[in-house]
Amino acid sequence: MEYIVTFLEGIISFISPCMLPMLPVYVSLFAGENNSRKTSILNAVSFISGFSLVFVLLGLFAGFLGSFISKYRIALNIICGAAVILFGLSYLDVIHIPFFKGHHKAGKITGAFSSFIFGVIFSISHTPCIGAFLGSALALAAQSSGVLKGVSLLLSYSLGMGIPFLVSALLINKLSNVLKAVTKHYKIINKVCGLFLIIVGLAMMTGLLHQLIHIFCGCSH
């Protein structure tokens, strides 16, 4: 269940208002000067690998932290859940958190290695934009109380954000109408994103998310 949540958070991060408008720029950089489909795919995969590495390392740290303070699970659930709710309220513009309104400019890609480095830089410089959903995924990783689980959750988040990038690199010429539709409905998307975060936060605070996880995996402790 938590893997589905973090995967969805990755997808929603991809369509966040300060990321999606830059998609055509990213994809054109992936394609390079020769506009080769093979080059575009290779560079896109390298880019995804770059930001995934950073997110997975963050997940490792969050999982370790959660394992270290697992005896305070109830307090951790409440704190993490409250933080995620604040992220959601920020997306709904109920409160103002400037940190999540960031933006950055794209650089220059000359090959697979530079694409990988660009992915690493992207994960750091774009944190203000995707911070709400990344923070929620990290909160779930901290709740997991395990390093391996924390890594797996952030890998799921990375896949959620990376797969749309890869698909976009393959189909950029056919996505213009989709991009226009998403751009036109940013306010609605923000509200949906905010409500999603608030629901996840409430489920974390009340322990409902933990119960659902065990119902779906058929396990118990």
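How each quantity is defined
- Residues numbered from 1 in each chain as written.
- Predicted model: local features only at pLDDT ≥ 70, side-chain atom pairs only at ≥ 80, totals over all residues.
- Heavy atoms only, no water.
- Helix = DSSP H or I, 4+ residues; strand = E, 2+ residues; numbered from the N terminus.
- Expected span 1.5 Å × (residues − 1).
- Buried < 20%, exposed > 50% of the residue type's maximum accessible area, 1.4 Å probe, protein only.
- Polar contact = N/O pair within 3.5 Å; in protein donor to acceptor, adjacent residues only side chain to side chain.
- pLDDT = per-residue confidence, 0-100.
- Contact = heavy atoms within 4.5 Å.
- Phe/Tyr/Trp six-rings, centres within 6.5 Å; stacked < 30°, edge-to-face > 60°.

*Asks:* Help me understand helix H1 (residues 2-14), please; the structure alone is not making it clear to me.
*Replies:* Because an α-helix packs 3.6 residues into every turn, residues spaced three or four apart end up facing the same way. Counted at 1.5 Å a residue, the expected span for H1 with its 13 residues is 18 Å, and the 19 Å between its end C-alpha atoms agrees. When we look at burial in H1, the residues that qualify are Glu2, Val5, Thr6, Glu9, Gly10, Ile12, Ser13 and Phe14.

*Asks:* Explanation requested: the side chain of serine 13 in the structure shown.
*Replies:* Positionally, serine 13 belongs in helix H1. A distance of 2.8 Å separates a polar side-chain atom of serine 13 from the backbone oxygen of glutamate 9.

*Asks:* Help me understand the confidence of the model for the chain, please; the structure alone is not making it clear to me.
*Replies:* Regions with low pLDDT should not have their predicted coordinates read in detail. When the pLDDT values of the chain are averaged, the result is 75; 68% of them are 70 or greater. Per-element averaging of pLDDT across the chain places helix H10 (residues 208-217) at the bottom with 57 and helix H7 (residues 147-171) at the top with 87. Long-range and interchain partners of residues 101-106, a stretch whose pLDDT sits below 50, account for 19 contacts in this model, where long-range means more than four residues apart. A low-confidence stretch, residues 216-221 stays under pLDDT 50, and its non-local contacts, those more than four residues away or across chains, total 5 contacts.

*Asks:* Explain the packing of aromatic side chains here, please?
*Replies:* Applying the stated criterion across every chain yields a total of 10 aromatic pairs. Taking 5.2 Å as the distance between ring centres and 75° as the angle between the ring planes, the aromatic pair formed by phenylalanine 47 and phenylalanine 165 counts as edge-to-face. Note that phenylalanine 47 is positioned in helix H3 (residues 37-68) and phenylalanine 165 in helix H7, a separation of 118 residues in sequence. Note on accessibility: phenylalanine 47 and phenylalanine 165 belong to one class, buried. Joined through ring pairs, the aromatic side chains of Phe14, Phe47, Phe51, Phe55, Phe118, Phe122, Tyr157 and Phe165 make up one cluster.

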